Amino acid sequence: MKRFFNRLLHVAGCAVLTVALCNFVSCREDDKGEQQAAALLQEARQALTDARLSEAHTLLDSLRHAYPRAVDVRREALRFEDSLNLAEARVEKAAIDSIYTFACLDREELRSTGIDTLSARFKQLRDRADSLRYAVDRAWQKVRFYERKLAEQ
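All figures in this text were calculated on a predicted structure; none of them were measured in a lab. (Residues numbered from 1 in each chain as written. Predicted model: local features only at pLDDT ≥ 70, side-chain atom pairs only at ≥ 80, totals over all residues. Heavy atoms only, no water.)

**A short note on the side chain of Arg107**
- Position of Arg107 relative to the elements: it lies in helix α4 (residues 71-112).
- If we skip the residues at most four places from it in the chain, Arg107 touches Phe122, Leu125, Arg126 and Ala129. (Helix = DSSP H or I, 4+ residues; strand = E, 2+ residues; numbered from the N terminus. Contact = heavy atoms within 4.5 Å.)

Below is the structure:
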């Protein structure tokens, strides 16, 4: 009988604790963190304006993890993330395009010296330029993808 009452007391204590937690959560239900999430989103937008792309990504991740119930702000953040990805893709494209241009110049400079085009050195430069051309094409496709995605929104 004593065990029964101990169990009953334990179950009643758990029920009281559950009710208290539900009341605590329901009191905070109105506050979904919309204002704090909007502030993080604004800070991420400012980071993009200042060309701090990795910081903007970090702020968006923080917004997702810290304020999962701020649905409207998170929708805006998803749209903003496409803009951020587009800016990142443009930077990547510009860097790869520049490297490709210099690789082509190196190849042409070597060709102008009269080197045999079947030599190992020339083949190495040609292969490097070809692989960089592939990377440039991928970067262009990435930029176009995000441009189309933003145009559709």
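**Describing helix α5 (residues 120-152)**
- The terminal C-alpha atoms of α5, which comprises 33 residues, lie 48 Å apart, in line with the 48 Å expected from a rise of 1.5 Å per residue.
- Taken together, the buried positions of α5 are Phe122, Leu125, Ala129, Leu132, Val136, Ala139, Val143 and Tyr146.
- Where α5 is buried, its residues touch α4. (Expected span 1.5 Å × (residues − 1). Buried < 20%, exposed > 50% of the residue type's maximum accessible area, 1.4 Å probe, protein only.)

**Structural notes on the environment of Phe122**
- Checked against the element boundaries, Phe122 lands in helix α5.
- Sequence separation of Phe122 and Arg107 is 15 residues, and the distance between their C-alpha atoms is 6.9 Å.
- Sequence-distant contacts of Phe122, that is, excluding residues within four places in its chain, are made with Arg107, Leu110, Arg111, Ile115, Asp116 and Thr117.

**Quick word on helix α2 (residues 34-49)**
- Helix length check: α2, at 16 residues, gives a terminal C-alpha distance of 22 Å against a target of 22 Å (1.5 Å per residue), a fit within 8%.
- Among the residues of α2, those classed as buried are Ala37, Leu40, Leu41, Ala44, Ala47 and Leu48. The buried residues of α2 occupy an angular sector of 115° when projected down its axis, which confines them to one face. Within α2, the exposed residues directed more than 90 degrees away from the buried face are Gln35 and Thr49. (Arc of directions from axis to C-beta.)

**Section: the environment of Arg45**
- Secondary-structure assignment places Arg45 in helix α2.
- As a C-alpha pair, Arg45 and Ser83 span 38 residues in sequence and 9.6 Å in three-dimensional space.
- With near-sequence residues (within four places) excluded, Arg45 lies in contact with Glu76 and Phe80.

**Quick notes on the packing of aromatic side chains**
- The tally for this structure, following the rule as stated, stands at one aromatic pair.
- For the ring pair Phe145 and Tyr146, a centre distance of 5.0 Å and an interplane angle of 75° mean the geometry is edge-to-face.
- The buried category is assigned to Tyr146, whose relative accessible area is 15%.
- A cation over an aromatic ring shows up here: Lys93 above the ring of Trp140, its NZ or CZ 4.3 Å from the ring centre.
- Over the face of the ring belonging to Tyr100 we find Arg133, whose NZ or CZ atom lies 5.0 Å from the ring centre. (Phe/Tyr/Trp six-rings, centres within 6.5 Å; stacked < 30°, edge-to-face > 60°. Lys NZ or Arg CZ within 6 Å of the ring centre and 35° of its normal.)

**Considerations on the packing of α2 against helix α3 (residues 53-66)**
- Two elements in contact, α2 and α3, have axes whose closest approach is 8 Å; the angle formed by their N-to-C orientations is 165°. As summarised for this structure, α2 and α3 are arranged roughly antiparallel, according to the angle between their axes. Crossing of α2 over α3 shows left-handed handedness. Along the contact surface, α2 presents Ala37, Leu40, Leu41, Glu43, Ala44, Ala47 and Leu48, while α3 presents Leu53, Glu55, Ala56, Leu59, Leu60, Ser62 and Leu63.
- A per-class count over the contact of α2 with α3 returns eleven nonpolar, one polar and two charged. (Axes fitted to C-alpha atoms, helices over the stretch in contact; angles between N-to-C directions. Parallel < 35°, antiparallel > 145°, perpendicular 65-115°, else oblique. Left-handed = near helix turned anticlockwise from the far one by under 90°. Nonpolar A, V, L, I, M, F, W, Y, C, P; charged D, E, K, R; others polar.)

Geometry only, nothing functional implied.
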